[in-house]
Amino acid sequence: MCGIIGYAGTQANRPVLEVLSNGLSRLEYRGYDSAGIAVAPEVSVYKRKGELEDLEETLPDAPVDALAGIGHTRWSTHGPPSDENAHPHTDCEDRVAVVHNGIIENYRELRDELEEVGHIFDSETDTEVVPHLIEAALEQGADPGSAFRQAIERLEGSYAVAAVFRGREEVYATRYQSPLVLGLDEDGALLASDVPAFLEYTDEVVYLEDGQFATIRPSGIEVRDQLGALVDVSVETVDWDPEDAGKSGYDHYMLKEIYEQPRSIRECLRGRPQPFEESVSIEELEDLPRPAEMHFVACGTSYHASLYATRLFRERGVRATAFLASEYDVETVPVDEETLVVGVTQSGETADTLRALRTANGVGARTLAVTNVVGSSAARETDHTMYIRAGPEIGVAATKTFATQQAALAMLSSALTGECSREFVESLRALPDQIQSILDDSRAEEIAEEYVHADAYFFIGRGYSAPVALEGALKMKEITYRHAEGFAAGELKHGPLALVTERTPVFALVNGDSNAEKMLGNVTEVEARGAPVVAVTDDPGFVETHADHVLSVPDTHWRFFPILANVQLQLLAYWVANRLGRSIDKPRNLAKSVTVE
Amino acid sequence: MDTDMSVSSAVILAAGEGKRLRPLTKYRPKPMLPAATKPILEHVFDQLIDAGISELVVVVGYRHERVQSHFGSTYRNVPVTYVFQEKQLGTGHALLLAESEVDGTSVVINGDQLVDSRIISDAVGEHDSAATATMALLQRSNVEPYGGVLIDEDGIVTKITENPRDGHDYHLNAGVYVLEPAAFDAVRAVESQIGEHSLLDGLSKLVDEGEIVHGAVSEGLWVDATYPWDLLDVSSALFDTGVVNGNSKIVGHETTTVHDTAVISEPVLIDRDCVVGPGAVVGPYVCLGENTTIGSNAVLERSVVDNDTTIGANATVVDCVTGTGVEIGPGSTIPGGPGDVRVGDTVYEDEALGALLADRVVDRGGVDYVPGALVGPETDIQTGTTVRGTLAGGTEVRS
């Protein structure tokens, strides 16, 4: 949830504070209730509750004489947002400053132990035990590198940690089940929770493995394994365009990302549909056999994409089930070598999903990650990886990554089962322009305007559209802070109908090719209760007499209707949130990449 | 190419719809219409970067999302900044909106006309500290439809006028300017006029007040599409001048599939993700945008086919311009020009246009087109129809 940045370099070429501030602004989406920076060799700490702009006010105007530093944006897990709880944290004598992402599970015991021998704590965070543990080791005569290592060895839980020491022009770092990448630059070295944080400086990266220790210096990086032996690291080049992290003229990243969907889908499809063979091939999965059984594990929006996927696979004869990753447990769900466990995670760092994948790995299941981030933990820890190729997504609310997850999973279902048709391939290839046509001509903004003061928003769909009803409601909740629920339409009369009034618009996903008559029945149910009905449909003529408004989508293969319909719901949520003046890209209490369980 | 160019930033004017290009501009502005296989504006960016520009400031307005989504925040590693002109109040108004994004001397250029980098370099090379502005000029026999500029023997501009008809020896205004901050001030000074105002009014004011405005006469390539069917000539000009290479041995891109039995006649340009079916004949002078599909035994000649378009089996497509996502059905025939094209009350006779199909026209197959047909967006043409003249968009047409 939190974000870390670190830098060691030559001051003349690149002021440390500038690199750290820029990095933090790129990491802000991961969490933002407070932020802070520490620089060495003096160990000066600047930190503040609030947004990054608040921190920038506390930074000195004059350049500081520093060659190394660390920075942090915090999303609270232990202790409320406050100046004290903001990272970096220091020891009693300000000899070391530490930033941390993750959760230290045994921090209570460690803190009691340290307080007993006289350490004074300033914050309520789990993190603060780390600088005090380091201090204790320094007092025993350890050098900074050993003191850092000794402190880390005491920790239980998940962490990415970086530290600077008084008198040292370097940054010490390590990770265990929390992301941390290193960057190599002509003028120094960097580290961060994810690549976009430093992509404006370098595209040469080293992915640190769990349990490895890194030291970054102006002259370069040094990586050692758990036992202290030097590791020969491989440097990879990432091909993301750093300025993709810019809003390119849009008011919000979310809107930019919604409009980027035709391009993202093009990238996702590229080279995969085979028009002459009337098949789909996924190069990176060529050695993956047809699975007998599949478990999808995912959270949030990715879970909705997984629900969509299970239907595709089941229809093609594969037993497929979607699980919320946080609820996945091989002790209660039978898993064996014949099971393919698919982790769907945009960031590849979602802690719940990673845990579920590790558990599945542990019992011998074959694992596949469907992710957007090359080199992410999910990509590295699974047997197979399929990339959704959406490009960087900055808005906390997932949009283009959901569209590409759906397209990728649809292709996966064809590639793994060998079941395809000419119509399926043609419909895939038609998606970019069909999404563009929705963006060119959507009425979502005016409909959002009409219902901006509704009591609640309900979304209903059947079959392939049911997951999109859930996703439409999630998007609405996330960015508008209004009550929204999605239901399988048949469930309405088993309870939710009691909530339906003339002040609760119902958004009905009506696909002319499947379950259309049944959906129309559900529409008339809510219509009879006086609720405004907005039909999202590829067959306006069929529903328009029962709907107050129609959001139309192009006619497509019925399996792809949900991909198109969802675009209208994204726009709807965006325009309601925009009208309400919400913090659309960084909704309250939410973070982009959920790296705690 | 002038690599020592001292001017680093450019303002690109791309806010206007380009109404004369209707119906292709229903969903995107003229700068986003295809020249060969990429938008006109992308060519403009390329030429600016080739001429040494390292900062692009684009004034967007009509259907601005299309521009922003296409280019994002950088193009070829050059940062792109967007300035939004809500109402299209003219090039002068647009220029002033962009003023705060540039420092010192800047290039200002129309985003809806194709120029090559030589014209830009010539204007920058001619510009010196004595001049408040420099305009790139071309020697053309017919200046009347465009902007005309008179210069004296020292290359100093003496008169700027639109659609000159007085028989003087006018140069054509290429729409490429090098402006000092004082030129922005002059544009501001004429702003008080009600309604639209042109940056040319500002330059005329400089000329009238005796400030130096240079005319840089260039021999570089300059092509403008005045009417939608001109896109065919624009693409042909790009092939003929070598701005785009239509003779690549490897046609298209590695993600494009061309059947072994298809015949490709150069010059031709095939973009990514395309499919050309068995027995199809493509070219010469054919541009296929991204993700287009050519059915088996279809024949295409001198056509600009935009992204995501599908051409059915056995269709004949000659002298045709399509928008995006068009479907030309199996066996349909667009026989090629010349034909008379009717726009409003005006008839343009003997234009080399087979048919123009705007975005997402669907032809269900077996449709015959009388040369010069213009079909509006989303028109649904039923099987066996004969299409002649101009069809409004969004309708269903049967014979």
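Residues numbered from 1 in each chain as written. Chains lettered and ligands numbered in written order. Predicted model: local features only at pLDDT ≥ 70, side-chain atom pairs only at ≥ 80, totals over all residues.

1. Section: the overall build of chain A
Helix and strand counts for chain A come out as 17 helices and 26 strands. In terms of overall dimensions, chain A is globule-like: its C-alpha atoms have a radius of gyration of 25 Å, near the 25 Å expected for 597 residues. Over its C-alpha atoms, taken along the principal directions, chain A stretches across nearly 80 × 50 × 45 Å. Considering only contacts in chain A between residues 6 or more positions apart, those separated by 24 or more positions represent 71%. (Helix = DSSP H or I, 4+ residues; strand = E, 2+ residues; numbered from the N terminus. Rg over C-alpha atoms; globule rule 2.2 N^0.38 Å. Contact = placed C-beta atoms within 7 Å.)

2. Here we look at the pairing of strand S9 (residues 181-185) of chain A
All names here are of chain A. Counting buried positions along S9 yields 4 of 5 residues, so the element is predominantly enclosed. By the bridge criterion, 5 bridges tie S9 to strand S10 (residues 188-192) in an arrangement that is antiparallel. Residue pairing across strands places Leu-184 opposite Ala-189, the latter belonging to S10. The hairpin turn running from S9 into S10, its antiparallel successor, is 2 residues long. Of the pairings in the sheet, the one linking S9 to strand S11 (residues 204-207) comprises 4 bridges and is antiparallel in character. Note that in S11 the partner of Leu-184 across the bridge is Glu-204. (Buried ≥ 20, exposed ≤ 12 C-beta atoms within 10 Å, placed from the backbone. Pairing = 2+ DSSP bridges.)

3. Quick notes on the domain arrangement of chain B
All names here are of chain B. Under the domain assignment, chain B is made up of domain 1 (9-223) and domain 2 (245-397). For domain 1 versus domain 2, the separation of C-alpha centres amounts to 32 Å. Residues of the side of domain 1 that touches domain 2, tallied by class, amount to 5 nonpolar, 1 polar and 1 charged. (Domains from an automatic or database assignment. Nonpolar A, V, L, I, M, F, W, Y, C, P; charged D, E, K, R; others polar.)

4. Things to note about the confidence of the model for chain B
Predicted coordinates in areas of low pLDDT are best not read in detail. Per-residue pLDDT for chain B averages 90, and the proportion of residues at 70 or more is 96%. Two summary scores accompany this predicted model of the complex, namely pTM at 0.80 and ipTM at 0.89. (pLDDT = per-residue confidence, 0-100.)

5. Brief notes about helix H17 (residues 561-579) of chain A
Residues and elements named next belong to chain A. The terminal C-alpha atoms of H17, which comprises 19 residues, lie 28 Å apart, in line with the 27 Å expected from a rise of 1.5 Å per residue. Taking burial as the measure, the 19 residues of H17 include 18 buried ones, the bulk of the element. Immediately beyond the C-terminal end of H17, within one or two residues, lies Gly-581, with a positive phi of roughly 70 degrees. (Expected span 1.5 Å × (residues − 1).)

6. Focus: the sheet that holds strand S17 (residues 293-298) of chain A
Residues and elements named next belong to chain A. Read from one edge of the open sheet, 5 strands run S18-S17-S19-S20-S21, paired in parallel fashion. Both edges of this open sheet fall to strand S18 (319-324) and strand S21 (384-387), since each of them pairs with a single strand only. Averaged over all adjacent pairs, the angle separating strand axes in this sheet is 20 degrees, with direction ignored. Pairing between S17 and S18: 6 bridges, direction parallel. Bridging across to S18, Glu-293 finds its partner in Arg-319. Its contacts with the sheet put helix H8 (residues 300-315) on S17, S18 and strand S19 (339-345), and the angle it makes with S18 is roughly 170 degrees. Where helix H11 (residues 400-417) meets the sheet, its contacts fall on S19, strand S20 (366-371) and S21, and the angle it forms with S20 comes to roughly 145 degrees. (Axes fitted to C-alpha atoms, helices over the stretch in contact; angles between N-to-C directions.)

7. Points about the interface of chain A and chain B
Each partner contributes residues to the interface: chain A has 20 residues there, and chain B has 23 residues. Counting residues per element, the ones that place at least two in the side of chain A that touches chain B are helix H7 (261-269) and helix H12 (422-441) of chain A. Top element by residues in the side of chain A that touches chain B is H12(A). It accounts for 5 residues. For the side of chain A that touches chain B, a count of residues per class yields 5 nonpolar, 5 polar and 10 charged.

8. Here we look at unusual backbone geometry
With an omega of 0 degrees, the peptide bond running from His87(A) to Pro88(A) counts as cis. With respect to the secondary-structure elements, Pro88(A) resides in the loop between strand S4 (68-74) and strand S5 (89-90). Between Glu266(B) and the following residue, Pro267(B), the backbone shows a cis peptide bond with an omega angle of 0 degrees. Here Pro267(B) is to be found in the loop between strand S16 (263-264) and strand S17 (268-270).

9. With respect to the pairing of strand S7 (residues 106-110) of chain B
Residues and elements named next belong to chain B. Burial analysis of S7 places 5 of its 5 residues in the buried class, the great majority of the element. Burial along S7 is two-sided: Ser-106, Val-108 and Asn-110 facing one way and Val-107 and Ile-109 facing the other are all buried. Where strand S1 (residues 9-14) meets S7, 5 bridges bridge the pair, whose relative direction is parallel. Bridge pairing links Ser-9 to Ser-106 in S7. By the bridge criterion, 4 bridges tie S7 to strand S12 (residues 171-179) in an arrangement that is antiparallel. From the neighbouring strand, Val-107 faces S12, where its bridge partner is Val-178.

10. Focus on the domain arrangement of chain A
In many analyses, interface size is given as the accessible surface area lost on bringing the parts together. All names here are of chain A. Split into domains, chain A comes out as domain 1 (3-244), domain 2 (246-438) and domain 3 (442-591). Taking the mean C-alpha position of each, domain 2 and domain 3 sit 24 Å from one another. Looking at the side of domain 2 that touches domain 3, the elements with two or more residues in it are helix H6 (253-259), H8, H11 and H12. In terms of residue count, H12 provides more of the side of domain 2 that touches domain 3 than any other element does, 9 residues in total. Considered class by class, the residues forming the side of domain 2 that touches domain 3 number 19 nonpolar, 11 polar and 2 charged.

11. Re the environment of Tyr457(A)
All names here are of chain A. Mapped onto the fold, Tyr-457 is located in strand S22 (residues 457-461). Each C-alpha atom of the pair Tyr-457 and Thr-595 lies 30 Å from the other, and the pair is 138 residues apart in sequence. Not counting the four nearest positions on each side in its chain, Tyr-457 is found in contact with Ala-473, Met-476, Arg-482, Ala-484, Pro-505 and Phe-507.

12. Notes on the environment of Asp455(A)
Among the structural elements, Asp455(A) can be located in the loop between helix H13 (444-450) and S22. Among residues more than four places away in sequence, those in contact with Asp455(A) are Thr501(A), Arg503(A) and Thr504(A).

13. Let's talk about the packing of H8(A) against H11(A)
Residues and elements named next belong to chain A. Between H8 and H11, the least distance of the axes is 9 Å, while the angle of their chain directions is 25 degrees. Here H8 lies roughly parallel to H11, going by the angle between them. Relative to H11, the crossing made by H8 is right-handed. Here Thr-301, Ser-302, Ala-305, Tyr-308, Ala-309, Leu-312 and Phe-313 of H8 lie close against H11, whose contacting residues are Phe-402, Gln-405, Gln-406, Leu-409, Ala-410 and Ser-413. By residue class, the composition of the contact of H8 with H11 is 8 nonpolar, 5 polar and no charged. (Parallel < 35°, antiparallel > 145°, perpendicular 65-115°, else oblique. Left-handed = near helix turned anticlockwise from the far one by under 90°.)

14. Some thoughts on the packing of helix H5 (residues 181-189) of chain B against helix H6 (residues 199-208) of chain B
Residues and elements named next belong to chain B. The geometry of H5 relative to H6 is characterised by a closest axis approach of 8 Å and an angle of 110 degrees between their N-to-C directions. With respect to each other, H5 and H6 are oriented roughly perpendicular. Of the residues in H6, those touching H5 at Ala-183, Ala-186, Val-187 and Ala-189 are Leu-199, Gly-202, Leu-203, Lys-205 and Leu-206. Of the residues that constitute the contact of H5 with H6, the class distribution is 7 nonpolar, 1 polar and 1 charged.

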